[in-house]
Amino acid sequence: MASQPRRFGLSKSKITAFEQCPKRLWLSVHRRDLAEQDDGATARFATGHEVGAIACALLPDGVMVDAEPDLAAALDSTRALLDTGHDRPIFEATLEHDGVLVRIDILEPDGAGGWLMAEVKSSTKAKDYHVGDLATQLWVARNAGVPITRAAIRHIDTRFVLEREGDWTGLFADTDLAALAEPITATRPDVVAAARIALAGTEPAISPSAHCETPFPCEFAGYCHAAVPAGPDWPVTVLPNGGGKRWIERNITDLFAIDPAELTSAVQKRVYEATVTGKVYHDVAGARAAMSAWAFPRAWLDFETIAFAVPRWIGTKPYSQVPFQFSAHIEEADGTIVHREFLSLDGSDPRRACAEALVAIIPITGAVIGYNASFEKSRILELAAAFPDLADALQGIADRIVDLLPVTRAHWYHRDQRGSWSIKAVLPTVAADMDYASLEVKDGGNAQEAYIEAITEGCTPERRMALDLALRAYCGRDTEAMIVLARRLCAENAESM
Ligand code: SF4
């Protein structure tokens, strides 16, 4: 007798992976060892866990379905609850249909014999791909005999303000997607069958493209890209503002192969010219003119901030950008520079101390200079709104903020920036010895991770001191880099590479 083909068990996340890319599903089952987690995966997981726990805590009469010792036990427990007329919320209800197993974050009785289904997310709104997720769960639940009358994404409500410690009432808002998910449930049998066919076959021949990032960055990107022949040294994607797209659509990937006469944007022309000639674009007169009105003493300012999905401090909102650090280099007209800074690593609300430090450190006259300075200005205005007694002084600082980024974008381009004017892309082109590679904290994401580690219970004094030093070195590098860059922009003789 011919053996039966293996019937692969599926889940909501496997079907989501299949709908993004059949190869992603195939690799996740057959070559899990090739997956690479990105740097932020651990933090995202921790946030998701915290948000999920709070959503459950807001329903204190709910019952958790444990997957102990395994998912079969969770299926049995769920079935027992449903069959015995359980009339309270159920967390992680586990259901199966046609070999597809789903765990539903929250089932709530609707009071009329049906159930409200909610998937808890740390995002601030429902997203397009959530509709497909809910459709899979609706399809399984209905076929498992559970009457679902509403299917919602329970996401963070950004209007929430923490007013009492531990009181999360109002943290979530529901977006009911049942009407959108309903028609998609009819597609599930075909999708499930196609996923099983893909899994039973050999590795799908799919090349990386834009789909690898949507709806999630794929964990197999490293593996797939390694198999792709190296592209041109200077791809059309270095053209800023999505300027490479029109060429890629015509199968032109090499910047050297395009017709520059078709470039209409001045900045794209500049990038093209600098790249093909190897000559730096440097408009000294323009840069000097742009900065000539920046009065001394100049305060070169940079913030590091933390944004928690679940607010920690009274008066803060979800994803509020709370400054826990700033660096300020104060430059006098004679060229002398003094470095001042603020850093809070004790885990308390850093805003008041940060506001006071700003008022104490930033001179009462002169330009306050940021790089992409709208960020610094917004944080200062938020501090002014939070602390009325300091509002006038903080408003006075905000009123004097100017921005080095647009000056750089208009007057400098080196092809090694590869289409970016971020300070980290520009700095190596003006001061190769000032890169960030040697620093322990290398970017804003690292700074947030360091902050969270430092304020987490269990961080030793020695480790906190090491993180303190690393954060100060990083933020100080940012403001020092601005001065070096500004001086370079105003200096003659910055020509070819
Ligand atoms: S990297 Fe792209 S092509 Fe490769 S498995 Fe992931 S989504 Fe598919």
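Note that the structure is a prediction, hence the values are computed from the model and not measured.

The rules we used
- Residues numbered from 1 in each chain as written.
- Predicted model: local features only at pLDDT ≥ 70, side-chain atom pairs only at ≥ 80, totals over all residues.
- Heavy atoms only, no water.
- Pairing = 2+ DSSP bridges.
- Helix = DSSP H or I, 4+ residues; strand = E, 2+ residues; numbered from the N terminus.
- Axes fitted to C-alpha atoms, helices over the stretch in contact; angles between N-to-C directions.
- Contact = heavy atoms within 4.5 Å.
- Domains from an automatic or database assignment.
- Buried area = accessible area lost by both parts, 1.4 Å probe.
- Salt bridge = Lys/Arg side-chain N within 4 Å of Asp/Glu carboxyl O.
- Polar contact = N/O pair within 3.5 Å; in protein donor to acceptor, adjacent residues only side chain to side chain.
- Near = heavy atom within 4 Å.
- Nonpolar A, V, L, I, M, F, W, Y, C, P; charged D, E, K, R; others polar.

1. Brief notes about the sheet that holds strand β10 (residues 322-331)
Within the open sheet, the five strands sit side by side as β11-β10-β9-β12-β13. Their pairing is mixed. Each edge of the open sheet carries a strand with a single partner, namely β11 (337-343) and β13 (401-403). When strand polarity is set aside, the average angle formed by the axes of neighbouring strands in this sheet is 25°. Relative to strand β12 (residues 368-370), strand β9 (residues 298-306) is paired through two bridges, and the arrangement is parallel. Considered in β12, the bridge of W300 is made with I369. Across the sheet, helix α12 (residues 351-361) touches β9, β10 and β11, and the angle it forms with β10 is around 10°.

2. Quick word on the domain arrangement of the chain
Partitioning the chain into structural domains gives domain 1 (10-199), domain 2 (236-277) and domain 3 (278-497). A separation of 31 Å is found between the C-alpha centroids of domain 2 and domain 3. Tallying the contact residues gives 10 residues for domain 2 and 10 residues for domain 3. Note on domain 2 versus domain 3: buried area summed over both sides is about 840 Å², and carbon and sulfur give 62% of it. On the domain 2 side of the interface with domain 3, the three residues burying the most area are V238, R270 and A274, jointly 55% of the side's total. Scanning the region where domain 2 abuts domain 3 turns up zero salt bridges. Remark: the boundary between domain 2 and domain 3 carries four residue pairs in polar contact (both at pLDDT 80 or more).

3. Describing the site of the ligand
Residues in close proximity to the ligand total 13 residues, the closest being C21, H211, C212, C218 and C224. Looking at the shell around the ligand, the elements that each hand over two or more residues are α2 (22-30) and α8 (221-226). Here the shell around the ligand gets three residues from one element, more than from any other, and that element is α2. Within the shell around the ligand, the residues separate by chemical class into nine nonpolar, two polar and two charged.

4. Side note on the side chain of E108
Residue placement: E108 occurs in strand β4 (residues 100-109). A distance of 2.6 Å separates the side chain of E108 from the side chain of R154, its partner in a polar contact. Dropping the residues within four chain positions of it, E108 is found in contact with L59, P89, G114, W115, L116 and R154.

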